[in-house]
Amino acid sequence: MNEAFDDYAHASLVVAHDGDHAFDAVVPPIVQSSLFTFRTFEEMAATYRGEKSRPVYSRTTNPTTRAFEQKIAELECTEDAIGFASGMGAISSTVLAFVEPGDRIVCVEHVYPDAYRLFETLLKRWNVDTVYVDGKDHDAVARALPGARLFYMESPTSWMMEAHDVRALAALARGHGVITVIDNSCASPVFQQPIRLGVDLVVHSASKYISGHSDVVAGVAAGRRELIDVVRKTITPYLGAKLAPFEAWLLLRGLRTLPTRMKAHEASCLTIARRLKELAVVTAVYHPGLGNQLPPGMSGTSGLFSFAFDESIDIPAFCNALRLFKLGVSWGGHESLVVPALVSRAQNAGPNSAIDFGVSERIVRLHVGLEGADVLWADIAQAIGKAGG
Ligand SMILES: *Cc1c(COP(=O)(O)O)cnc(C)c1O
């Protein structure tokens, strides 16, 4: 297979789910059932003994959820996947499946803030320590890896949008026998398939691009069957953060347009990021597709990026003046969004005030939606005018 998302993979998303559906429906049904009954004692007993594989209870398996899991496994070029009730459900369940008290995690800087807080709060209580390294500094990564249990990556990273050489980092971890996990929410499986770059496990917030419509909170983890089986057998039955059938059905619908949406987000976002870079009031643009070449195995960028204003711009006034970009967290849907780092830092000053993920207060993050680059640019330009620029 070539590096880029190929036409066959695209086509397989758009056509109906492979396999037999009730009434030959082009869209798989929502099997909205908590449990599945058996015709005979023998069938039930064989299923419980593990000799027969079929749905029993939707906390473990549901046909609609399974259809989504199979599609993700295919898209991520791997064997198996598990759907979760949220991206954080996927992240916490996957990490907890592989660490034990006394273990050390190596984590790249600027991961999703709640992943960071998971490491700094809950995992610390279980005596799992996390050290943070600059994912661009391969020597620092190589020094941190010996003796670690797990290497947690995210590329591009949250807020700073750093794109790492995932293939090189995965090879370093493999050399030290360290399990690798990557959050691939931002690039999506359209632009990056980390398993093909040597990573062991991929996690997603499916609430973002995989859904694409801002109407689902969900997650998924994918990888080799033996690794996914560890998560499925040792964690999901007890933490129970399983993806529900209706959400799985919405995600299957979202996947149909994923490649088309990603290309549209990428094009509009690049246009806006380049125009911002030319402005005197903008001191930095954090976008993996500006300047440097993308790292090996990454074939495109998304609608998400950040930039920094100089002191002449009143950031609250800028946010208030925007009309198409709405103030809101999350990203990956059809709509354009703005989040100032000022607000995220205020949130961090709550119960976790010691936690600071190191983002400057001059930074603003934008998600460029599907409205069209020119109309979005006009919105940004008028808002800068009202904010002092
Ligand atoms: C949103 C997000 C998550 C968490 O996903 P939820 O579905 O909100 O739990 C994880 N990683 C990244 C990069 C995210 O943006």
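Calculation criteria
Positions within a chain are numbered from 1, following the residues in the order the chain's sequence is written. Residue-level local features of this predicted model are given only where pLDDT is at least 70; pairs of side-chain atoms are given and counted only at 80 or more, and the full residue set underlies all totals for whole chains, interfaces and linings. Working from all heavy atoms in the structure, the side-chain values ignore hydrogens and water. The helix and strand labels rest on DSSP assignments: H or I over at least four residues marks a helix, E over at least two residues marks a strand, and numbering proceeds from the N terminus. Within these notes, the globule rule equals 2.2 Å times the number of residues to the 0.38 power, and the radius of gyration is based on C-alpha atoms. Relative accessibility under 20% of the residue-type maximum defines a buried residue, over 50% an exposed one, and the middle range a partly exposed one, all with a 1.4 Å probe and only protein chains included. Per-residue and other accessible areas were derived by the Shrake-Rupley procedure at a 1.4 Å probe size, with only the shown protein chains allowed to occlude residues. When charges are counted, Lys and Arg are positive and Asp and Glu negative, with His and the chain ends excluded. The location of each charge is read from NZ of Lys, CZ of Arg, CG of Asp or CD of Glu. When at least one non-hydrogen atom of a residue lies within 4 Å of a molecule or strand, that residue is treated as near it. Any pair of N or O atoms that falls within 3.5 Å is considered a polar contact. Within protein, one atom must be able to donate a hydrogen and the other to accept it, and sequence-neighbouring residues count only if both atoms are side-chain atoms. Only a pair of cysteine sulfur atoms within 2.5 Å counts as a disulfide in this structure description. Salt bridge, as applied in this entry: a Lys or Arg side-chain nitrogen positioned within 4 Å of an Asp or Glu carboxyl oxygen. What counts as a ring pair is set by centres within 6.5 Å for rings of Phe, Tyr and Trp (its six-membered ring), and what kind of pair is set by the plane angle: stacked under 30 degrees, edge-to-face over 60, tilted for all other angles. Two thresholds decide whether a charge sits over a ring: the Lys NZ or Arg CZ must be within 6 Å of the ring centre and within 35 degrees of the ring normal. Whether two strands pair comes down to DSSP finding at least two bridges between them. Between the N-to-C directions of two axes lies an angle of 0 to 180 degrees, each axis being a line fitted to C-alpha atoms and, for a helix, fitted only over the stretch in contact. The criterion used for residue contact is that any of the two residues' heavy atoms lie within 4.5 Å. Remark: nonpolar core denotes a set of buried residues (Ala, Val, Leu, Ile, Met, Phe, Trp, Tyr, Cys) joined through side-chain atoms within 4.5 Å.

**Some remarks on the overall build of the protein chain**
Phase 1 of the analysis: A tally of regular secondary structure across the protein chain gives 16 helices and 12 strands.
Phase 2 of the analysis: Rg of the C-alpha trace for the protein chain: 22 Å, near the compact-globule value of 21 Å for 389 residues, within the 12% margin.
Phase 3 of the analysis: Dimensions along the principal axes, computed over C-alpha positions, put the protein chain at roughly 75 × 50 × 45 Å.
Phase 4 of the analysis: Within the protein chain, the fraction of its 389 residues that count as buried is 54%.
Phase 5 of the analysis: Of the roughly 16,700 Å² of accessible surface on the protein chain, a fraction of 55% belongs to carbon and sulfur atoms.
Phase 6 of the analysis: Across the protein chain, the centroid of the 36 positively charged side chains sits 3 Å from that of the 43 negatively charged ones.

**Some words on the site of the ligand**
Phase 1 of the analysis: Of all residues adjacent to the ligand, which total 13 residues, the nearest are Gly87, Met88, Asp183, Ser207 and Lys208.
Phase 2 of the analysis: Ser207 is positioned with one of its side-chain polar atoms (N or O) 2.6 Å from an oxygen atom of the ligand.
Phase 3 of the analysis: For the ligand, an oxygen atom lies 3.3 Å from a polar atom in the side chain of Trp331.
Phase 4 of the analysis: The protein chains hide 90% of the 380 Å² of surface that the ligand would expose on its own.

**Regarding the state of the cysteines**
Phase 1 of the analysis: Under the defined criterion, the tally for this structure stands at zero disulfides.
Phase 2 of the analysis: Free of any disulfide, Cys77 has its nearest cysteine sulfur in Cys186, 19 Å distant.
Phase 3 of the analysis: Taking relative accessible area as the criterion, Cys77 reaches 25% and is therefore assigned partly exposed.
Phase 4 of the analysis: Unpaired in this structure, Cys269 has its nearest cysteine sulfur neighbour in Cys186, at a distance of 8.9 Å.

**Re unusual backbone geometry**
Phase 1 of the analysis: A cis geometry characterises the amide bond from Ser155 onward to Pro156, with omega recorded as -5°.
Phase 2 of the analysis: Looking at the secondary structure, you find Pro156 in the loop between β4 (150-154) and α8 (166-175).
Phase 3 of the analysis: In this structure, Cys77 takes a positive phi of about 55° despite not being glycine.
Phase 4 of the analysis: With respect to the helices and strands, the residue Cys77 is situated in the loop between α3 (63-75) and β1 (80-84).
Phase 5 of the analysis: A positive phi is found at Asn127, a non-glycine position, where the angle reads about 60°.
Phase 6 of the analysis: Tracing the sequence through the fold places Asn127 in the loop between α6 (122-125) and β3 (129-133).

**Things to note about the pattern of salt bridges**
Phase 1 of the analysis: Per the counting criterion, the structure on display carries 21 salt bridges.
Phase 2 of the analysis: Ionic pairing is found between Asp229 and Arg232, a salt bridge with its closest N-O pair at 3.3 Å. With Asp229 and Arg232 both in helix α10 (residues 225-234), this residue pair falls three residues apart, about one helical turn.
Phase 3 of the analysis: Judged by relative accessible area, Asp229 falls into the partly exposed class, the value being 23%.
Phase 4 of the analysis: Between Arg362 and Glu311 there is a salt bridge, and its shortest N-O distance comes to 3.9 Å. Taken together, the residues Arg362 in the loop between α15 (341-348) and β12 (363-367) and Glu311 in the loop between β9 (304-309) and α14 (315-321) connect sequence positions 51 residues apart.
Phase 5 of the analysis: Here the residues in one salt-bridge network are Arg66, Glu69, Asp80, Asp229, Arg232, Lys233 and Lys242, joined through shared partners.

**Notes on the packing of aromatic side chains**
Phase 1 of the analysis: Applying the stated criterion across every chain, the model contains eight aromatic pairs.
Phase 2 of the analysis: Aromatic rings pair up to connect Phe305, Phe307, Phe309 and Phe318 into one cluster.
Phase 3 of the analysis: Over the face of the ring belonging to Phe38 we find Arg54, whose NZ or CZ atom lies 3.9 Å from the ring centre.
Phase 4 of the analysis: The ring of Trp159 is capped by Arg365, whose NZ or CZ atom sits 5.2 Å from the centre of that ring.

**Quick word on the sheet that holds β3**
Phase 1 of the analysis: Pairing is mixed across the open sheet formed by seven strands, whose spatial order is β1-β7-β6-β5-β4-β2-β3. The outermost strands of the open sheet, each flanked by one partner alone, are β1 and β3. Sheet twist, expressed as the average angle between the axes of neighbouring strands with direction ignored, equals 20°.
Phase 2 of the analysis: Its contacts with the sheet place α3 against β1 and β7 (219-223), and it is angled at close to 130° to β1.
Phase 3 of the analysis: Here helix α4 (residues 87-98) sits on the sheet in contact with β1, β2 (104-108), β4, β5 (179-183), β6 (201-205) and β7, set at roughly 155° to β6.

**Section: the nonpolar core**
Phase 1 of the analysis: Counting 47 residues, the largest nonpolar core has Ile105, Phe151 and Tyr152 as its most contacted members.
Phase 2 of the analysis: Considering each element in turn, this core owes the most residues, five residues, to α4.
Phase 3 of the analysis: Look past the residues within four positions of Tyr152 in its chain and what remains in contact with it is Ile91, Val95, Ile105, Val106, Cys107, Val108, Val111, Ala115, Phe119, Val181, Asp183 and Val203.

**Some thoughts on the pairing of strand β11 (residues 337-340)**
Along any regular strand, the residues point their side chains to alternate faces of the sheet.
Phase 1 of the analysis: Of the two faces of β11, the one lined by Leu337 and Val339 and the one lined by Val338 and Pro340 are each fully buried.
Phase 2 of the analysis: As paired elements, strand β10 (residues 326-327) and β11 share two bridges and run parallel to each other. The residue of β11 that forms the bridge with Lys326 is Leu337.
Phase 3 of the analysis: Examined bridge by bridge, β11 and β12 share four bridges and lie antiparallel to one another. What sits directly across from Val338, in β12, is Leu366.

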